[in-house]
Amino acid sequence: MPKLHHEALVQLVRHAPALIPDLLWPGERSPGPVRITAAEFVDLNFAEHRADVVLGLGGAQDRPDEALVVEVQVERDPRKRWTWPVYVAGLRARLGCPVTLVVVSLDPEVARWCAEPIDLGRRRTTVHPWVLGPEAVPAITDLEQARELPELAVLSVAAHADDPGAEHIALVALEATRELDDQRGILYPDFVVALLGRVARTALEKLLMANGSWEPLSDMFRKPWLEGKAKGKADMLLKLLLLKGFALSDEQRARVLDCGDEAQLDAWAARVLTATRLDEVFAD
């Protein structure tokens, strides 16, 4: 379910917004405080005109010195080449400061597509996305570094999930995130498992069994991976709804868990990212 992958990466940025300038300017001090600001643009109050994350750098809360429009892209979507310039222009008009479009794309082919300049007309005005691809994210294998920067550790798993030895990156991320005593400690281990490919996931399970001291943190991790099965999709949907801040009633939660129709679960999941109310997700 690529929608979960997208929302998981967005949540990492929202929990640790300084990640982005740190990756854009490695080894340099971030240009002022990093704050999350509103992601709507001018008067275009539509779901398709809301960025994943907007970061203000330096200055005041409502008047930063610079702003970054951060978009997470896990697959090609030609519509983005029309809406991304809206994000940049709308935010620039609202905040009165320089604005840069930053796209986080951890698939090499998708990253290359995202980096293509966007011609707004007759090659007179062009938007050049600044793309953070997998090569921009370091492989975190040191446990102390992972404990200090748990979001970067999880992002490292996403960036290097298909690399040889990815299970060791994942093991370090799991060890670091299981120590978190807030909601992240519940969600991040599931992110790590969901982001891994099947081969790396099997290798990770062997490492965990050899470790012996690991206590699984979630049902998703206790059971074999359920990709393509209705129960697995129901679990993913509930976590996606939680990430969006929707509070489900017991009846709604039971409706999801009892649903054995994979197509229906997929349809609900596809609505989550653009829905502003819970009834929009479950509309017939």
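Residues numbered from 1 in each chain as written. Predicted model: local features only at pLDDT ≥ 70, side-chain atom pairs only at ≥ 80, totals over all residues. Heavy atoms only, no water.

1. Digging into the pattern of salt bridges
- Tallying each qualifying case throughout the model produces 10 salt bridges.
- Put simply, Glu71 and Lys80 hold a salt bridge, and the shortest N to O gap is 3.2 Å.
- Given the relative accessible area of 0%, Glu71 is considered buried.
- Asp190 is the partner of Lys239 in a salt bridge, and the nearest nitrogen-oxygen pair spans 2.7 Å. Of this pair, Lys239 sits in helix α11 (residues 230-243) while Asp190 sits in helix α8 (residues 183-195), and the two are 49 residues apart along the sequence. Each member of the pair, Lys239 together with Asp190, is buried. (Salt bridge = Lys/Arg side-chain N within 4 Å of Asp/Glu carboxyl O. Buried < 20%, exposed > 50% of the residue type's maximum accessible area, 1.4 Å probe, protein only. Helix = DSSP H or I, 4+ residues; strand = E, 2+ residues; numbered from the N terminus.)

2. Considerations on the nonpolar core
- Formed by 51 residues in total, the largest nonpolar core has its most connected members in Ile20 and Val70.
- The dominant element in this core, judged by the number of residues it contributes, is helix α7 (residues 166-177), at 8 residues.
- When near neighbours in sequence (up to four residues on either side) are disregarded, Ile20 contacts Val13, Leu55, Leu68, Val70, Val102, Val104 and Leu132.
- Among the nonpolar cores identified, the runner-up in size contains 20 residues, and Leu95, Cys97, Val110 and Ile118 belong to it. (Core = buried A, V, L, I, M, F, W, Y, C linked by side-chain atoms within 4.5 Å. Contact = heavy atoms within 4.5 Å.)

3. A few points about α7
- With 12 residues, α7 should reach 16 Å at 1.5 Å per residue; the first-to-last C-alpha distance of 16 Å fits that figure.
- Across the 12 residues of α7, 11 count as buried, placing the element largely inside the fold.
- Of the positions making up α7, those classed as buried are Ala166, Glu167, Ile169, Ala170, Leu171, Val172, Ala173, Leu174, Glu175, Ala176 and Thr177. (Expected span 1.5 Å × (residues − 1).)

4. A look at the sheet that holds strand β3 (residues 66-72)
- Taken in spatial order, the 5 strands make up an open sheet running β1-β2-β3-β4-β7, and their pairing is mixed. At either end of the open sheet lies a strand with only one pairing partner, and these are β1 (34-37) and β7 (130-132). Neighbour to neighbour, the strand axes of the sheet diverge by 30° on average, direction disregarded.
- By the bridge criterion, 3 bridges tie strand β4 (residues 99-104) to β7 in an arrangement that is parallel. Within β7, the position partnered with Val102 by the bridge is Trp130.
- Sitting on the sheet, helix α3 (residues 80-95) touches β1, β2 (53-57), β3 and β4, and the angle it makes with β3 is about 155°. (Pairing = 2+ DSSP bridges. Axes fitted to C-alpha atoms, helices over the stretch in contact; angles between N-to-C directions.)

5. Quick word on the pairing of β3
- Counting buried positions over the 7 residues of β3 gives 6, a clear majority of the element.
- Of the pairings in the sheet, the one linking β2 to β3 comprises 5 bridges and is antiparallel in character. From the neighbouring strand, Gly56 faces β3, where its bridge partner is Ala67.
- Handedness of the crossover is the feature at issue here: the chain leaves β3, passes through α3, returns alongside β4, and the resulting connection is right-handed. (Right-handed = clockwise from strand over helix to strand, strands pointing away.)

6. Some words on a negative patch on the surface
- Together, Asp107, Glu109, Asp162 and Asp163 make up a region of like negative charge exposed at the surface.
- We classify Asp162 as exposed; its relative accessible area is 71%. (Patch = residues over 30% accessible without salt bridge, like charges linked within 9 Å, V, L, I, M, F, W, Y side chains within 5 Å. Areas by Shrake-Rupley, 256 points an atom, 1.4 Å probe, with all protein chains shown as cover. Lys, Arg positive; Asp, Glu negative; His and termini not counted. Charge placed at Lys NZ, Arg CZ, Asp CG, Glu CD.)

7. Here we look at unusual backbone geometry
- Of note in the backbone geometry, Arg122 takes a positive phi value of approximately 55° without being a glycine.
- Of note, Arg123 is a non-glycine position whose phi angle comes to about 60°, a positive value.
- Its place among the elements puts Arg123 in the loop between β5 (118-119) and β6 (126-127).
- With a relative accessible area of 74%, Arg123 lands in the exposed category.

8. Re the confidence of the model for the protein chain
- Looking at the protein chain as a whole, the pLDDT averages 84, with 86% of positions reaching at least 70.
- At the low end of the mean pLDDT range in the protein chain sits helix α10 (residues 219-222), at 46; at the high end sits β7, at 98.
- Confidence over residues 42-48 falls short of pLDDT 50; this stretch has 8 contacts with residues more than four positions distant or in other chains.
- Contacts from residues 213-228, a stretch scored under 50 in pLDDT, to residues over four places away or in other chains number 33 contacts. (pLDDT = per-residue confidence, 0-100.)

9. Observations regarding the side chain of Glu71
- Turning to its location among the elements, Glu71 is positioned in strand β3.
- Within the structure, the side chain of Glu71 is placed 3.2 Å from the side chain of Lys80, a separation counted as a polar contact.
- At 3.1 Å, the side chain of Glu71 and the side chain of Trp84 are in polar contact. (Polar contact = N/O pair within 3.5 Å; in protein donor to acceptor, adjacent residues only side chain to side chain.)

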